[in-house]
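Notes for the structure review
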Amino acid sequence: MRRDDLRPAVFGTATRDRVLIRLALSENGLHVRELARQIQTSPNAVHRVVIALERAGVVVSRPVGTTRIVLLNRRWYGAVELRALLERLASAYPEVDARARTFRERPRRIGKPL
Amino acid sequence: MTLADGAALVDVAFAACTVLARAGETAVLCGGSAAAYYVPDLYQSLDIDFVVEVGAAPHVVDRALATLGYARVTEGYYRHATLRYALAFPIGPLAIGREFVTSWRTDRRADLLLHVYTPTDVVRDRFLHYWAWGDRTALDVALAVARTHAAEVDLDAFAAWTRRELAADASYDPSRIGRFLSSLQ
């Protein structure tokens, strides 16, 4: 993430914006390390953002093995409007959108060559 | 006010709601713990979830809950030295899906009180867990509350609410409503 990025932090911080936008582009959620890699920031920074957003009810997380998958909370009272806004904002973050497009979420058979 | 060593969820919930009310805060029992309140033999919860009606100052909540022996561990989360039940305060407002909850039931026990979701709202809340995430436990709890408190659960209001949610978010699977309602018969 560039320090001279002039785009406004709509949700308070640049990391918060990117976390939310990236989650809006995901069907099944992402674990914190992958989320951090996708928005090019540290897992610790993402973890702090996720804890704050989870407490606000905006995102939820569920354990999968030894990690946690984070996703937007579709039960939250503003979920529909938030997703629409984030999808709109994604066009201002082409680098996040581009990484999301190359990230494979669909199933892949074990052992299948790349 | 002191809590006995063997205090049950309902004892802690009444005590916490009362000390908060005396401190001027309206806290409403919600989530899985509200379900546990209505069907204690079928569902248990170790977290007692309250939403404070208007965001309370943390020091007010801290001071009120300290009189019961509860201390803040993290923001909005309190533990007792000996009791296994934790008190959790998710950020409000009270809402089930897209709709805000503006009325609730108030039960009294001697000089204690408890604000709690109505049985209809517990059914909506638990069903929404199933609807949104496919959580079968939540479906079973919604069914249990609907059966146990059949006279108090407004299924017409429930059905109308599902239609409003579906109109706002078409990605919800409508067949799950039918599964819930047919399981009730």
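This text follows the structure it describes.
The text that follows walks through the structure, step by step, so that each part is easy to find. (Residues numbered from 1 in each chain as written. Chains lettered and ligands numbered in written order. Predicted model: local features only at pLDDT ≥ 70, side-chain atom pairs only at ≥ 80, totals over all residues. Heavy atoms only, no water.)

1. Observations regarding the pattern of salt bridges
Between side chains of opposite charge, pairing is possible as soon as their charged atoms come close. Filter applied, for reference: We define a salt bridge as a side-chain nitrogen of Lys or Arg found within 4 Å of a carboxyl oxygen belonging to Asp or Glu. Secondary structure is summarised from DSSP: a helix means a run of H or I of at least four residues, a strand means a run of E of at least two, and numbering begins at the N terminus for each. Only protein chains enter the accessibility calculation, which uses a 1.4 Å probe; a residue whose area is less than 20% of its type maximum is buried, one above 50% is exposed, and one in between is partly exposed.
Following the criterion strictly, the structure yields 17 salt bridges over all chains and no others. The salt bridge involving A:R37 is made with A:E34; its shortest N-O contact spans 2.9 Å. Here A:R37 and its partner A:E34 are both found in helix α2 (residues 32–39), three residues apart, which amounts to about one turn of the helix. By relative accessible area, which is 51% here, A:R37 ends up exposed. Since its relative accessible area comes to 12%, A:E34 is described here as buried. Linking B:R124 and B:E99 is a salt bridge whose minimum nitrogen-to-oxygen distance equals 3.5 Å. With B:R124 in helix α4 (residues 119–133) and B:E99 in strand β7 (residues 99–100), this pair connects stretches of sequence that are 25 residues apart.

2. Let's talk about the packing of α2(A) against helix α5 (residues 94–102) of chain A
Residue and element names in this part refer to chain A. Note the following rule: Every axis corresponds to a line fitted to the C-alpha atoms, with the helix fit spanning only the stretch in contact, and the corresponding angles, defined between N-to-C directions, vary from 0 to 180 degrees. Angle categories: roughly parallel below 35 degrees, roughly antiparallel above 145, roughly perpendicular from 65 to 115, and oblique for all the rest. Whether two residues are in contact is decided by their heavy atoms: any pair within 4.5 Å suffices. Note that Gly is not counted as nonpolar here; it falls among the polar residues with everything else outside the nonpolar set of Ala, Val, Leu, Ile, Met, Phe, Trp, Tyr, Cys and Pro and the charged set of Asp, Glu, Lys and Arg.
Interhelical geometry of α2 versus α5 gives an angle of 130° and a closest axis separation of 9 Å. Taken together, the axes of α2 and α5 lie oblique to each other. In this structure, α2 uses R37, Q38 and I39 to contact α5, whose residues at the interface are V96, R99 and A100. Residue classes in the contact of α2 with α5 are distributed as three nonpolar, one polar and two charged.

3. Re the interface of chain B and chain A
Put simply, the rule is: Throughout, the accessible surface (probe 1.4 Å) given up by two parts as they are put together, summed over both, is called the buried area. Pairing of N or O atoms within 3.5 Å defines a polar contact, subject to two protein rules: one partner must be a possible hydrogen donor and the other a possible acceptor, and residues neighboring in sequence count only if both atoms are side-chain atoms.
Each side of the interface is counted separately: chain B has 21 residues, and chain A has 12 residues. The largest per-residue losses of area from chain B upon contact with chain A belong to B:I91, B:R98 and B:W133, which jointly make up 42% of the total buried on that side. The interface formed by chain B and chain A contains four salt bridges. Among the salt bridges present, the one from B:E75 reaches A:R55, with a minimum N-O distance of 3.7 Å. Where chain B touches chain A, the interface holds seven residue pairs in polar contact (both at pLDDT 80 or more).

4. Some words on helix α2 (residues 31–38) of chain B
Of all the eight residues making up α2(B), eight are buried; the element is thus mostly covered by neighbouring parts of the structure. B:G31, B:G32, B:S33, B:A34, B:A35, B:A36, B:Y37 and B:Y38 are the residues of α2(B) that are buried.

5. Looking at α2(A)
Residues and elements named next belong to chain A. Extensive coverage of α2 is indicated by the burial of six of its eight residues. Along α2, the residues classified as buried are V32, E34, L35, A36, Q38 and I39. Where α2 ends, the next residue or the one after it, Q40, has phi of about 55°, a positive value.

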